[in-house]
2 protein chains.
Amino acid sequence: MSNDSVNKPYVIGLDLGGTNSVFGIVDARGEIKATTAIKTQGYDKVEDYVDASVEALKVIIEQVGGIETIKAMGIGAPNGNYYNGTIEFAPNLAWAHNGVVPLAKLFSERLDNIPVGLTNDANAAAIGEMTYGVARGMKNFIVITLGTGVGSGIVINGQLVYGCDGFAGELGHVIVRRENGRPCGCGRSGCLEAYCSATGVARTARELLSKTQEPSLLRELDPEAITSLDVSIAAGKGDALAKHIYEFTGEMLGEACADFAAFSSPEAFIFFGGMTKAGDLIMDPIKRSYDKNVLKIFKGKAKFLVSGLDGSSAAVLGASAVGWEM
Amino acid sequence: MSNDSVNKPYVIGLDLGGTNSVFGIVDARGEIKATTAIKTQGYDKVEDYVDASVEALKVIIEQVGGIETIKAMGIGAPNGNYYNGTIEFAPNLAWAHNGVVPLAKLFSERLDNIPVGLTNDANAAAIGEMTYGVARGMKNFIVITLGTGVGSGIVINGQLVYGCDGFAGELGHVIVRRENGRPCGCGRSGCLEAYCSATGVARTARELLSKTQEPSLLRELDPEAITSLDVSIAAGKGDALAKHIYEFTGEMLGEACADFAAFSSPEAFIFFGGMTKAGDLIMDPIKRSYDKNVLKIFKGKAKFLVSGLDGSSAAVLGASAVGWEM
């Protein structure tokens, strides 16, 4: 252990979501020593958001022995740019939807100038898997986050892929249906995210319910209010239509992963986020479709794994891992 | 300059093609000091191929001052595996179509144990662009080779992407048409290569000629014998149908590059190979289609370039650059 790890045994992780901002103080083994949270919204200016954050942080920093024990801070945030430590044009953040916000710098200035790293949430998840999760020891893997959207963090030769501008790894926005593709939040059509996110799964449910007469537990629900969790619960009860929705979603993810293999031939695809709770319901069709679609030389090589990070704290751990990289 | 560069100022480059094997002895500035060639085919066993190669090489090695002046050898070859120095199941090579051939080791043993590196031809082209060509100083770029097939060499963080098995970067085999896609040589359907290779362009020509009644210079040719060069010549003469073929091809390449940007956000896409001789006929529709299809955050960032390596010697230079990396 280096001197630094002895004197400064902790990093702060911030999982900055559209609704909540969750802070954790984490040690080198991935143990969360203290945690706190504030609402992300309700601030017009980023300075006010940082003020509220630092006030909440002070309490847990004191709990672990003061700012002198903190090596660095890592932030996972939507539209986070690793190179600049900025959040750029994040549509869901009132204080960052309309420009470039130097969030890493603002936190560093308020926290005794400790180094602060920032990246998008999917990249943070990938670093988290490499540091504490199922990707320990792996040099080439792809994390795919299945949540409200579909995100990705790509690791090649042991390094996260940021590209020329800090925004690489937007695999939720590769086009999987070129003709008659579903409109996507990004303004284009046919993106993976429009089908395989939690909202995409709910859309698939509504489409299938309106197109067919097949009986289903989902027909008892208001179609507009159906969520991917409802589909998961119905599938768990053996509902054929709900299972079909996961088949459809998994097949598409498997096709997409087959293309991703042609890019970076990863050792593993690691799935992260709420939808992975559906377990084999989603993972089995992904694997089957991948085997069917992948180029012959890649067949049977990649593992398909579910995140090894504890669900409730995974995003904070991922963010904290960015701190260790500083 | 290191001692080694002074005492051993040269590397051997081998461009191992399906028809010819071209050897060059190259200095650190990319100047080819001597060159020779043998036929690739006509050998049942790899040992016979290596024997014939070494015999031809001896002459040019003597011309530059003997094997003592040679630092290393680099080979660009179909189905070349960088990690193992092997050629694996290369369908077009009689002496390597049915197994794993340790070509790098065989050459090293016959050449005073100099280090020998081997990779596929598109990766060699990417290393060549980084060492001697338009990618000097770039850390993130993608080379796309448009030849008999479509290949690619991907550089991220200044390193070539080999993936977990040495076979990453098969962008010719991402699926660009999921429904009713053209059969591809790889056994699947809808691959980029089935549309945008030289043979794909010829197929597009035959399809358009049979589907439409549009007058064209290409109608004077035997449809089965049409090549991408014929299409290029006709387009150069202003033939509307031939121009349309390049529009179609370029549009598809632009769509594909837009997806590749979502993966690694490269600083540049660099096109390499015979089809780039069509110049703006192919490059303009690529750029237009990319701008139309790429995710907003990537718009206007990537450059679209044609290889900076001299056409006739580009592949040998690329292969030699693999030698410098050893």
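Residues numbered from 1 in each chain as written. Chains lettered and ligands numbered in written order. Predicted model: local features only at pLDDT ≥ 70, side-chain atom pairs only at ≥ 80, totals over all residues. Heavy atoms only, no water.

A.B. asks: Please give an account of the nonpolar core that cites residues and values.
C.D. replies: A:Phe260, A:Phe269, A:Tyr290, B:Phe260, B:Phe269 and B:Tyr290 are the most contacted members of the largest nonpolar core, which totals 110 residues. Among residues more than four places away in sequence, those in contact with A:Phe269 are A:Ile142, A:Ile144, A:Cys257, A:Phe260, A:Ala261, A:Tyr290, A:Ala302, A:Lys303, A:Phe304 and A:Leu305. Residues A:Val64, A:Ile67, A:Ile70 and A:Ala90 belong to the second largest nonpolar core, which totals 38 residues. (Core = buried A, V, L, I, M, F, W, Y, C linked by side-chain atoms within 4.5 Å. Buried < 20%, exposed > 50% of the residue type's maximum accessible area, 1.4 Å probe, protein only. Contact = heavy atoms within 4.5 Å.)

A.B. asks: Tell me about the pairing of strand β1 (residues 10–16) of chain B, and name the residues and values.
C.D. replies: Residues and elements named next belong to chain B. With respect to burial, β1 is a largely interior element, six of its seven residues being buried. One ladder, built from seven bridges, connects β1 with strand β2 (residues 20–27); its direction is antiparallel. Counted as the bridge partner of Gly 13 is Gly 24 from β2. Taken together, β1 and the strand that follows it, β2, pair antiparallel across an intervening segment of three residues. Two strands pair when backbone bridges link them, and β1 and strand β4 (residues 70–76) are joined in this way by six bridges, in the parallel orientation. Looking at β4, one finds that Tyr 10 is bridged to Ile 70. (Helix = DSSP H or I, 4+ residues; strand = E, 2+ residues; numbered from the N terminus. Pairing = 2+ DSSP bridges.)

A.B. asks: Quick one: what's the story with the relation of the copies chain B and chain A, residue by residue and with numbers?
C.D. replies: Under the fitted operation, chain B is carried onto chain A by 0.1 Å of movement along the axis and a turn of 180°, and the coordinates agree to an RMSD of 0.1 Å. These values place the two chain copies in the arrangement generated by a two-fold rotation axis. Most of the interface of chain B is mirrored in chain A, where 100% of its interface residues are also at the interface. (Least-squares fit on C-alpha atoms with pLDDT ≥ 70 in both.)

A.B. asks: Tell me about the state of the cysteines, and name the residues and values.
C.D. replies: Residues and elements named next belong to chain A. Scanning the model with the defined rule gives zero disulfides over all chains in all. For Cys 186, which is in no disulfide, the shortest distance to another cysteine sulfur is to Cys 191 and amounts to 3.7 Å. Assessed through its relative accessible area of 24%, Cys 186 is described here as partly exposed. (Disulfide = S-S within 2.5 Å.)

A.B. asks: Hey, could you go over unusual backbone geometry for me, with residue numbers and the actual values?
C.D. replies: All names here are of chain A. Phi angles above zero are rare outside glycine, and Phe 89 is one such case at about 50°. As for its placement among the helices and strands, Phe 89 is situated in the loop between β6 (86–88) and β7 (100–101). Even without being glycine, Asn 157 reaches a positive phi, approximately 50°. With respect to the helices and strands, Asn 157 occurs in the loop between β10 (150–156) and β11 (159–160).

A.B. asks: Can you break down the sheet that holds strand β11 (residues 159–160) of chain B residue by residue, with the values?
C.D. replies: Think of a sheet as strands paired side by side through backbone hydrogen bonds, with each pair either parallel or antiparallel. All names here are of chain B. With mixed pairing, five strands are arranged side by side in an open sheet as β11-β10-β9-β12-β13. At either margin of the open sheet sits one strand with a lone partner, and together these are β11 and β13 (303–306). Note: strand β9 (residues 141–146) against strand β10 (residues 150–156), six bridges, orientation antiparallel. The residue of β10 that forms the bridge with Phe 141 is Val 155.

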